[in-house]
Amino acid sequence: MLIGAHVRDHEPIAAARETNSSVIQIFVGDPQSWKPPTKRPDSDDLKASGIPIYVHSPYIVNLASENNKIRLPSRKILQATCDAACACGARGVVVHGGHVGAGGDPLDGIDRWRKALAELETDIPILLENTAGGDRAMARHWDDLARLWDVIGNDPRVQFCLDTCHTYASGEQLAESVERVTAITGRIDLLHCNGSRDSEGSGRDRHQNFSTLGTDNTVSPKMLVDIVAAAQAPVICETPDEGLASDVSFLRDYVPGAEPAPVQAPDS
């Protein structure tokens, strides 16, 4: 089981070493910009590094939106993200489920997802990620995820990424998440393992380091270990930088079957 972190964009290989990550996640562009990303200048180095890499698409991507000024640029950005991810040898691109606006019909959002995938020219896996908030979200609640998966899950490129903070914030039962998701998707392809700074059902996407979680909190460190062990998927910690390396080490120490820390070459 590979365990690693979402690392800083400008020095991902060095950050992988600093966090003892066996797998990393990066952005290939500004996560808050409508400017489509381009090929990273270090793409060849990343591809040759041997480090398994996942790419997270910009947060603003919303393939379900009824607003053409959001939906169409989202498709363009996702295409560019996939192209840049392929250039650095990434295993897949993580995409949030998105949402429809006030008064919008989520069923229309599902159809927009279908159309977006039909137009997407790439072979790289697209990892749909569950989200924390939104009343008309495509993948906040498991019933909504099931409706979306029924339409897009037959695309061989589509995979699933489970986020523990998002699950807790969404109001779904975290302890049941692996069982509930696998009943819908058949598997979990990537796990974002994060604590939550806010209460259950808050709808707020704010990640927390493991060391600050109470042992009797619903999202306790022990529960996170149990979820990682049950999911049997590569793990990315997206927790705050000050405790990120410790979070990676904690999971490696306590999750059965975790791959040992990578052997670091001595500095020249």
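First, a word on scope: everything that follows refers to the structure included in this document. In this text, all values refer to a predicted model and were calculated from it rather than measured experimentally.

**A short note on the overall build of the protein**
Across its full length, the protein carries nine helices and ten strands. The C-alpha atoms of the protein give 18 Å as radius of gyration, which agrees with the globular expectation for 268 residues (18 Å, within 12%). If one aligns the C-alpha atoms of the protein with their principal axes, the spans along those axes are about 55 × 45 × 30 Å. When each of the 268 residues of the protein is scored for burial, the buried share is 55%. Put simply, of all contacts in the protein between residues at least 6 apart along the chain, 74% involve residues at least 24 apart. Of the roughly 11800 Å² of accessible surface on the protein, a fraction of 47% belongs to carbon and sulfur atoms. Once the 25 positive and 38 negative side-chain charges of the protein are each reduced to a mean point, those two points are 6 Å apart.

**A word on the sheet that holds strand β3 (residues 53-56)**
Read once around its circumference, the closed barrel built from eight strands follows the order β1-β2-β3-β4-β5-β6-β7-β10, with strand pairing classed as parallel. Shown here is a sheet whose adjacent strand axes are inclined to one another by a mean of 30 degrees, direction ignored. Note: strand β2 (residues 24-26) against β3, three bridges, orientation parallel. Bridge assignment links I26 to a residue of β3, and that residue is V55. The strands touched by helix α9 (residues 244-254) are β1 (3-6) and β10 (235-237); relative to β1, the strand with the most contacts, the crossing angle is about 160 degrees.

**What to know about the pattern of salt bridges**
One pass over the full model with this rule turns up 13 salt bridges. Salt-bridge contacts for R180 lead to D143; the nearest nitrogen and oxygen are separated by 4.0 Å. Of the two residues, R180 sits in helix α7 (residues 177-185) while D143 sits in helix α5 (residues 142-152), which places them 37 residues apart along the sequence. Classification of R180 as partly exposed rests on a relative accessible area of 32%. According to the relative accessible area criterion, D143 is exposed, its value standing at 53%. Of the charged contacts in the structure, one is a salt bridge between R187 and D189, with a shortest N-O distance of 3.0 Å. Look at D189 and you get buried, because its relative accessible area is 16%.

**Side note on helix α3 (residues 68-87)**
With 20 residues, α3 should cover 28 Å at 1.5 Å per step; its first-to-last C-alpha distance of 29 Å lies within 8% of that length. Inspection of α3 places R71, S74, R75, I77, L78, Q79, A80, T81, C82, A84, A85 and A87 among the buried residues, and these make up the whole buried set. Packed against the buried residues of α3 are α2 (43-48), β3, β4 (92-96), α4 (106-119) and β5 (126-129). The distance from a side-chain oxygen at the start of α3 to the backbone nitrogen of K69 is 2.8 Å, and the residue carrying that oxygen is N67. In the segment just after α3, G89 is the residue with positive phi, at about 75 degrees.

**A short note on the environment of S177**
Considering the arrangement of structural elements, one finds S177 in helix α7. As for S177 and K35, which are separated by 142 residues in sequence, their C-alpha atoms are 35 Å apart. In this view, S177 contacts W142, L162, T167 and I227; residues no more than four positions away in its chain are not counted.

**A few points about the layout of surface pockets**
Reported here for the largest pocket is a volume of approximately 430 Å³. In this structure, the largest pocket is lined by 21 residues; those nearest its centre are H6, V7, T239, D241 and L244. Broken down by secondary-structure element, the contributors of at least two residues to the lining of the largest pocket are α1 (12-18) and α9. Broken down by class, the residue content of the lining of the largest pocket amounts to seven nonpolar, eight polar and six charged. Around the second largest pocket, the lining comprises 15 residues; the ones closest to its centre are H96, H99, T131, A132 and G133. Residue classes in the lining of the second largest pocket are distributed as four nonpolar, nine polar and two charged.

The rules behind each value
- Every chain is numbered independently, its residues counted from 1 as its sequence is written.
- It should be noted that, the model being predicted, local features are given only for residues of pLDDT at least 70 and side-chain atom pairs only at 80 or more, the latter also being counted only at that level, while totals for whole chains, interfaces and linings use all residues.
- Hydrogen atoms and water are omitted, and side-chain values are computed over all heavy atoms in the structure.
- Counting from the N terminus, the helices are DSSP H or I runs at least four residues long and the strands are E runs at least two residues long.
- The atom set for the radius of gyration is the C-alpha atoms, and the globule formula is 2.2 Å times the number of residues raised to the power 0.38.
- Each residue is placed in one exposure class: buried if its accessible area under a 1.4 Å probe, protein chains only, is under 20% of its type's maximum, exposed if it is over 50%, and partly exposed if it falls in between.
- Contact criterion: two residues are considered in contact whenever any of their non-hydrogen atoms come within 4.5 Å of each other.
- Only the protein chains shown count as covering a residue, and every accessible area follows the Shrake-Rupley method with a 1.4 Å probe.
- His is not counted here, nor are the chain ends, while Lys and Arg score as positive and Asp and Glu score as negative.
- All charge positions are set by atom: Lys at NZ, Arg at CZ, Asp at CG, Glu at CD.
- By the convention used here, strands pair only if DSSP detects at least 2 bridges between them.
- For helices, the axis comes from a line fit to the C-alpha atoms of the stretch in contact; other axes are also lines fit to C-alpha atoms, and the angle between any two N-to-C directions lies between 0 and 180 degrees.
- Salt bridges are counted wherever a side-chain nitrogen of Lys or Arg sits within 4 Å of a carboxyl oxygen of Asp or Glu.
- The span one expects for a helix is its residue count, reduced by one, times 1.5 Å.
- Polar contact is defined as a pair of N or O atoms within 3.5 Å, subject to the rule that within protein one atom must be able to donate a hydrogen and the other to accept it, and that residues adjacent in sequence are counted only when both atoms are side-chain atoms.
- A cavity here means a set of 1 Å grid points, computed over protein atoms only, where a 1.4 Å probe fits but cannot escape. A pocket is an open set with protein on both sides within 12 Å along at least 5 of 7 lines, and lining residues have an atom within 4 Å of a point.
- Grid points are joined across faces, edges and corners, and a volume is the space filled by probe spheres set on the points.
- In the scheme used here, Gly and all other residues not listed as nonpolar or charged are polar, with Ala, Val, Leu, Ile, Met, Phe, Trp, Tyr, Cys and Pro taken as nonpolar and Asp, Glu, Lys and Arg as charged.

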